[in-house]
Protein chains: 2
Amino acid sequence: MTTVLIVDDQDLQRFGFRVLLESVPETEVVGEAAHGAEAVRKAAELRPDVVLMDIRMPGMDGIEATRRIVAAGGRSRVLVLTTFDLDEYAHAALRAGASGFLLKDARPEELLAGIRAVAAGDAVVAPALTRRLLDEYAHHLPGRPKDPAEDPRLTSLTNREREILVAIGKGWTNGEIAARLVLSESTVKTHVGRVLAKIGARDRIQAVILSYDLGLARPQAD
Amino acid sequence: MTTVLIVDDQDLQRFGFRVLLESVPETEVVGEAAHGAEAVRKAAELRPDVVLMDIRMPGMDGIEATRRIVAAGGRSRVLVLTTFDLDEYAHAALRAGASGFLLKDARPEELLAGIRAVAAGDAVVAPALTRRLLDEYAHHLPGRPKDPAEDPRLTSLTNREREILVAIGKGWTNGEIAARLVLSESTVKTHVGRVLAKIGARDRIQAVILSYDLGLARPQAD
DNA sequence: TCGGCCGTAGTACCGCGGTACCACCCCCAC
DNA sequence: GTGGGGGTGGTACCGCGGTACTACGGCCGA
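Residues numbered from 1 in each chain as written. Chains lettered and ligands numbered in written order. Predicted model: local features only at pLDDT ≥ 70, side-chain atom pairs only at ≥ 80, totals over all residues. Heavy atoms only, no water.

> Can you walk me through the protein's contact with DNA strand C in this structure?
As a matter of local geometry, DNA strand C sits amid 16 residues, with K189 and R204 of chain A together with T158, R160 and S184 of chain B nearest to it. Counting only the atoms of DNA strand C within 4 Å of the protein, the fraction contributed by sugar and phosphate is 62%. Taking K189 of chain A, its side chain carries an N or O atom lying 2.8 Å from a base oxygen of DNA strand C. Between DNA strand C and the protein, one listed contact pairs a phosphate oxygen with a side-chain N or O atom of T187 of chain B at 3.1 Å. Breaking the surface near DNA strand C down by element, the ones donating at least two residues are α10 (185–199) of chain A together with α10 (185–199) of chain B. Residue composition of the surface near DNA strand C, by class: two nonpolar, nine polar and five charged. (Near = heavy atom within 4 Å. Polar contact = N/O pair within 3.5 Å; in protein donor to acceptor, adjacent residues only side chain to side chain. Helix = DSSP H or I, 4+ residues; strand = E, 2+ residues; numbered from the N terminus. Nonpolar A, V, L, I, M, F, W, Y, C, P; charged D, E, K, R; others polar.)

See below:
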């Protein structure tokens, strides 16, 4: 038996979900909430297996509520429902820790299958959204199309020059690079000049940008 | 009617899929392939709506075959099937442009629903894999835990200053910023100075780095 | 109405960054 | 050996970037 908490600011919508969920034996609606704050409170109190969460609500929205419920550490999993297809909030919801994302116009059996999957610890994303998710995934993720080391602009660099490029990427001045690599500033300048020429950057700023775009420089370094 | 090309190196496996797909009226198996190269050739020749692709195959594997079929630009969509749960190849397959990813032990109706969704231009990912996908998504993707706009260093910036910071993040010189925002270079300098002071950066390079670390600047810009 | 913030603009100054050119050493390949 | 690439170092020069300070118009809230 899967226990469910329904969160939606519209009475009618909640009623519809309740009727649907109570029409099958495997789910039980243990509570309802009309806004984010109430959802967080009831989730803590009722400890439902699944929280069916609407995103757009007055007051605390579904995103923030999701974040707090997930952060609370209980075993409740949040299944987010939205009316429209991938809006701004969808990404935020996923980052907030939602276990699923479905459209409100999903067919009843899809919704039930979603609840079942989420309760089992899996995750579900509406097909229409999955495509977008994959597109983004394919673009930004780890080990992007070309491995940093493979980029044609980097292959001509010598090892020392690569070190220099990394140092530039950290935002160090020529003086700092000289100090840390134990070199004279003149030498650093020579190297920097060659690096810029080879990678086709007009100044070290372009080099920094290239480092990040290629994944050579990693966030939170230094 | 959805036309399907079955790609798998095991005869028995292909046979199983064929029987399943031919048991319903909505799908038609128009061909089979036993390895990557044959899959690429037949996809080009038969132009199926959906290619059911096994990953592990001798010779050219499913990843490379997927990449080529997608790159060919036809309207065939690739639905990848794998025996195990998220292995190394799964990510590669998604990056290669697959429209879906299911486990071979999926129930028949799940597989058919997947084919239907993929044919319709949507994407599907097996629930068990979706969880992993979301976890990764939540971690490294756009706007990490802290939303860019939320960072204390950015909140004190005025709108204009934020624009300037974005421009700096693109690697533009003061002169370029002046030209693109239709300002005098003096004004730009004034803004840049204030931005650097507010975000605690000693020069524009640190500002660029901050932009990337905060996710304010996105790869491949400009 | 007045003060303050924002956006705009200017002048003046200094230093770092980038370029051009040259020089030396080491080591490896021819 | 002799050449050449990689690494190191120097000098000289110019321009952009950054700072300090000033100034003014517009708009809003006290």
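After that view, the rundown keeps rolling.
> I'm lost on the sheet that holds strand β6 (residues 124–125) of chain B in this one. Help?
Residues and elements named next belong to chain B. Within the open sheet, the six strands sit side by side as β2-β1-β3-β4-β5-β6. Their pairing is parallel. Only two strands of the sheet have a single neighbouring strand rather than two, namely β2 (27–33) and β6. As defined by bridge partners, strand β5 (residues 100–103) adjoins β6 across two bridges and the pair is classed as parallel. What sits directly across from G100, in β6, is V124. Strands β3 (50–54) and β4 (77–82) of the sheet are contacted by helix α3 (residues 62–71), whose axis makes an angle of about 160 degrees with β3. (Pairing = 2+ DSSP bridges. Contact = heavy atoms within 4.5 Å. Axes fitted to C-alpha atoms, helices over the stretch in contact; angles between N-to-C directions.)

> Would you explain the sheet that holds strand β2 (residues 27–33) of chain A in this entry?
The pairing of strands in a sheet happens through backbone hydrogen bonds and is either parallel or antiparallel. All names here are of chain A. In spatial order, the strands read β2-β1-β3-β4-β5-β6; together these six strands make up an open sheet with parallel pairing. Here the strands that pair on one side only, and so sit at the sheet edges, are β2 and β6 (124–125). Across four bridges, the pairing between strand β4 (residues 77–82) and strand β5 (residues 100–103) is parallel. Bridging from a neighbouring strand, L79 pairs with G100 of β5. The strands touched by helix α3 (residues 62–71) within the sheet are β3 (50–54) and β4, with β3 carrying the most contacts at an inclination of about 160 degrees.

> It is not clear to me how the side chain of D54 of chain B should be interpreted in this structure. Could you clarify?
Residue and element names in this part refer to chain B. Here D54 lies in strand β3. Owing to a relative accessible area of 5%, D54 belongs among the buried residues under this scheme. For D54, the residues in contact, after removing those within four places along its chain, are V7, D8, D9, G62, L81 and K104. (Buried < 20%, exposed > 50% of the residue type's maximum accessible area, 1.4 Å probe, protein only.)

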